[in-house]
Amino acid sequence: MKHPDDDNELFHRLEAEMSPDYRPDSGGAVVDLGKARSARIESADPSARPGADRSADSAPDWSAAELASQSGDPAARVMVDQPTPAATGPGYLGRLAGAHRRAVVPEWLRSLAELRTAAAWVARHYAHATGYHALRAPVYAARLTLQAPTGAARFVGGTMRWMADTEGEPVRLAAVRREDAAEYLKLSRQRDGRVRLRTLVAVLALFTGLGAALAVYVLAPEWLQAVSAGAVVMALGSAGRRADAPVIHRAVELPAAVKLTSDIVLRALGALGIPAINQAQAKGRNGFEFTAPITRDGPGWRAEGNLPYGVTVTDIIERRERLASGLRRPLGCVWPEAVPNEHTGHLILWVGDQDMSTAKKPVWPLLKSGSVDLFKPVAFGTDQRGRWVEITLMYIAAVIGAIPRMGKTFLLRLLLLIAALDPRAELHTYDLKGTGDLDPVGNAVSHRHRAGDEEEDIEYAVRDLRALREELRRRAKMIRSLPRDVCPESKVTSDLANKPSFGLHPIVVGVDECQVWFEHDKYGKELEEICTDLVKRGPATGIVLLLATQRPDAKALPTGISANASARFCLKVMGQLENDMVLGTSAYKRGVRATMFSWADKGIHYFVGEGSDARIVGSVYVDAPAAEAIGARARKARELAGTLSGHALGEDPQPDTSSAYDLLRDVLVVVPADEPKVWSETVVARLAELRPEVYDGWDPEGLAAALKPHGIATIQVGRRTGGKVVNRRGIDRSHITTAIAERDGNQDAG
């Protein structure tokens, strides 16, 4: 609302300041403080007021602060709020400085991709309508021709009634019933005049029409005669049509979505049962302050404004179902959102024309053709407004969480298909559910692939992840050794991935139902340790880990993994704990709640990544036949590039010699009982002598990482060397024996 002084305040202020007699106005008169203070004290004293009760019972109970404020001691005076504010807020210039300027060019016009998409939709709409009616044009002509006799009869009958002034007959009959002779004679004379004039006009029109028709018949060419006759027949046919039988049918049935208005929004908010809103509306106020007009935003309406004090956007999101009922719209059309940079009571309400889960989505650009550069953004879904949402798969580790049957596996497969379309990428795919959902990717292009959760499947994965951990270390050393001009950011880039000699191509690991790994009684700790390392250090070295689970809790997504994942996808979950495990701590309190999704919202999820706040995204749906076609296309691209390897070629992985030996027992062999504590560097040197094919190249850090899954940590070990005590990292032999005893005891018990 415009401030009443906006138009004149600035002018008067500048004019006053330019005056030679200008003096700053203090806003008050000169007051004798001594007299004013005495008067105030006297007015506060009951004995000083006429008619006051001077008894002790009538004396007021003054507090120490109030008595001090009445005294003349400035140090004891207590300041309280004045009844009227000293300042009325920022002036016109201040409000201008703090104003939020809306973009001159709307966002949809600034986005070339969105403008192109909208233009394509409009073009397809009118092309469809044109083709639809063009094909049915002969049917329309036949209908009009058959209706032409009826139209001609209606035209003649209507003309005769017009000439006879039939529309005035009820008025004349009413005068006859009232026996009003004067009015009847007046109406009769009026009718006679109309009939004479209209008859003359009709006769002239008849002769003019016949003359024109005769001229066309004699003088006009045949095509003009045909056009003229057709136009007359079509006009008569249009006049003869029935109201319930239109000649031309609609080519496109537009959705009958009601325009969103302020009254509808206020009605819906009032139906939520929020006391602050209901109280405001009961007192005649709106209960919602619109900060912008309700406008079209994509295929829907956008309302924006401030909720009453104390009401947050989270309160609205919790009542999304009731809000949809108040708006009389399907649940999938109603999407209340918070604004990250605004206060928590600033609401954006977007109401779509169609349910997001059933609305037709644009065709995915990679469905039929195209390749991918994993270092660049790729579209994988659309938001509520139908705009593409992109993701860059490199430099991330991702977690996907949802309850069963909500599209979690399909989303994981979609991301793996995107990775498969980059011929440089090496895929490792694990379907621990065992239903073969990842086979279209795994069998076509994966370097390592397994479906199932049998013991041999777990051991296959353990060997693969051990190799990936070694590959991680090799890549870290390679990146560290490269010159700055070749690797300026100390991470894998697209240019480095293009050079096969470096071996820094992208590696993408996708695991469905990852909780099976981390809860395994034998290899669970080791798999958790390796995956945590891949999540933390893998992105910089070109290794991407994608984990999906239907039970997002602390066991399925260990803290070290969930806390370091930079991309998060959360489909419908049932509670706050699961929501925050996937989307991050306090996401539920901030209003990012995947619990609000309905059972029909398959594939719709909250996406956190790409450096932005949580967004609602509907992922692209790719069924099994389409996934197999994309996998075949990706395989062909790899064959041309010469990058097909491993499982896709039918090759089995090399046997893991380390799995045939027991690290803990080997440590006991090289560390005799008379050495209770030994440096790690001494242990790895002795292990390399014992089994060079297994332990050659190990360092103290590698030994510490290998012992950690067994619950053994390295310690400080002091040894006297050259007369001095030197402390280095080492192991305590008793820890090794204890771990072996616990492990063997558990195995025997099992």
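Thresholds, definitions, all that
- Residues numbered from 1 in each chain as written.
- Predicted model: local features only at pLDDT ≥ 70, side-chain atom pairs only at ≥ 80, totals over all residues.
- Heavy atoms only, no water.
- Axes fitted to C-alpha atoms, helices over the stretch in contact; angles between N-to-C directions.
- Helix = DSSP H or I, 4+ residues; strand = E, 2+ residues; numbered from the N terminus.
- Parallel < 35°, antiparallel > 145°, perpendicular 65-115°, else oblique.
- Left-handed = near helix turned anticlockwise from the far one by under 90°.
- Contact = heavy atoms within 4.5 Å.
- Nonpolar A, V, L, I, M, F, W, Y, C, P; charged D, E, K, R; others polar.
- Pairing = 2+ DSSP bridges.
- Patch = residues over 30% accessible without salt bridge, like charges linked within 9 Å, V, L, I, M, F, W, Y side chains within 5 Å.
- Areas by Shrake-Rupley, 256 points an atom, 1.4 Å probe, with all protein chains shown as cover.
- Salt bridge = Lys/Arg side-chain N within 4 Å of Asp/Glu carboxyl O.
- Buried < 20%, exposed > 50% of the residue type's maximum accessible area, 1.4 Å probe, protein only.
- 1 Å grid on protein atoms, 1.4 Å probe; cavity = no way out; pocket = protein on both sides within 12 Å on 5 of 7 lines; lining within 4 Å.
- Points joined across faces, edges and corners; volume = space filled by probe spheres on them.
- pLDDT = per-residue confidence, 0-100.
- Phe/Tyr/Trp six-rings, centres within 6.5 Å; stacked < 30°, edge-to-face > 60°.
- Lys NZ or Arg CZ within 6 Å of the ring centre and 35° of its normal.
- Polar contact = N/O pair within 3.5 Å; in protein donor to acceptor, adjacent residues only side chain to side chain.

Draft legend 1. Geometry of the packing of helix α14 (residues 408-420) against helix α22 (residues 624-641). Taken N-terminus to C-terminus, the directions of α14 and α22 make an angle of 25 degrees; their axes are 9 Å apart at the nearest point. The orientation of α14 with respect to α22, classified from their angle, is roughly parallel. Our pair here, α14 against α22, has a crossing hand that is left-handed. Of the residues in α22, those in contact with R413, L417, A419 and A420 of α14 are A624, A627, I630, G631, A634 and R638. Split by residue class, the contact of α14 with α22 holds seven nonpolar, one polar and two charged.

Draft legend 2. Inspection of the pairing of strand β17 (residues 724-732) at higher detail. Relative to β17, strand β15 (residues 677-679) is paired through three bridges, and the arrangement is antiparallel. Bridge pairing in β17 links V678 to I731. The sheet contact formed by strand β16 (residues 715-721) and β17 spans seven bridges and is antiparallel. Pairing of G718 across the sheet is with N727, part of β17.

Draft legend 3. Summary view of unusual backbone geometry. Within the chain, E179 stands out as a residue other than glycine whose phi angle is a positive 55 degrees. Assignment of secondary structure puts E179 in the loop between α7 (169-178) and α8 (181-219). One non-glycine residue, E513, lies in positive phi territory at about 60 degrees. Residue position: E513 is located in the loop between β10 (507-512) and α18 (515-518).

Draft legend 4. A nonpolar patch on the surface, seen in detail. On the surface, L214, Y217, V218 and L219 cluster together into a nonpolar patch covering about 510 Å² of accessible area. As for its placement among the helices and strands, Y217 is situated in helix α8. Given the relative accessible area of 62%, Y217 is considered exposed.

Draft legend 5. Here's a closer look at the pairing of strand β5 (residues 378-382). Judged by how many residues are buried, β5 sits mostly within the fold: five of five residues are covered. Remark: five residues form the turn of the hairpin made by β5 and strand β6 (residues 388-391), two consecutive strands paired antiparallel; G386 in that turn has positive phi of roughly 85 degrees. Alignment of β5 against strand β14 (residues 612-619), held across two bridges, turns out to be antiparallel. Note on β14: the bridge partner recorded for T382 is G618.

Draft legend 6. Highlighting empty space enclosed by the protein. In this structure the tally under the stated criterion is one cavity of 30 Å³ or more. Taken together, A425, E426, L427, V445, S446, H447, R638, T643 and S645 make up the full set of residues lining the largest cavity. Partitioning the lining of the largest cavity into residue classes produces three nonpolar, four polar and two charged.

Draft legend 7. Spotlight on the confidence of the model for the protein chain. Residues at a pLDDT of 70 or more form 83% of the protein chain, whose mean pLDDT is 83. Here residues 43-72 is modelled with pLDDT under 50, and outside its nearest four sequence neighbours on either side it reaches 25 contacts, counting other chains as well. Considering only residues more than four positions removed or in separate chains, one finds that residues 74-87, a stretch of pLDDT under 50, has nine contacts.

Draft legend 8. Expanded view of the environment of L496. If you trace the backbone, L496 turns up in helix α17 (residues 494-497). Residue classification places L496 among the buried positions, given a relative accessible area of 1%. The sequence separation of L496 and I479 amounts to 17 residues, and the corresponding C-alpha distance is 9.8 Å. Those residues in contact with L496, other than ones at most four positions away along the chain, are L482, V486, C487, K491, F502 and L504.

Draft legend 9. Quick look at the packing of aromatic side chains. The tally for this structure, following the rule as stated, stands at eleven aromatic pairs. Aromatic ring contacts, followed pair by pair, group W335, F597 and Y606 into a single cluster. Lying across the ring of W301, R296 places its NZ or CZ 4.8 Å from the centre. Its end group placed over the ring of W679, R728 keeps NZ or CZ at 4.3 Å from the ring centre.

Draft legend 10. Region of the structure containing the side chain of N579. Among the secondary structure elements, N579 is positioned in helix α21 (residues 576-583). Here the side chain of N579 touches V592 through a polar contact of 3.0 Å, landing on its backbone oxygen. When near neighbours in sequence (up to four residues on either side) are disregarded, N579 contacts V573, G584, A587, Y588, V592, R593, A594 and T595.

Draft legend 11. Representation of the sheet that holds strand β12 (residues 567-570) in the model. Taken in spatial order, the ten strands of this open sheet run β6-β5-β14-β13-β12-β7-β11-β10-β8-β9, and their pairing is mixed. Unpaired on one side and paired on the other, β6 and β9 (448-451) mark the two borders of the sheet. Neighbouring strand axes in the sheet, compared pairwise and without regard to direction, differ in orientation by 25 degrees on average. As paired elements, β5 and β6 share four bridges and run antiparallel to each other. What sits directly across from T382, in β6, is W388. In this fold helix α16 (residues 455-481) packs onto β8 (426-431), β9, β10 and β11 (543-549), with an angle of close to 155 degrees to the strand it touches most, β9. Contacting β7 (397-401), β12 and β13 (604-609), α21 runs over the sheet at an angle of about 150 degrees to β12.

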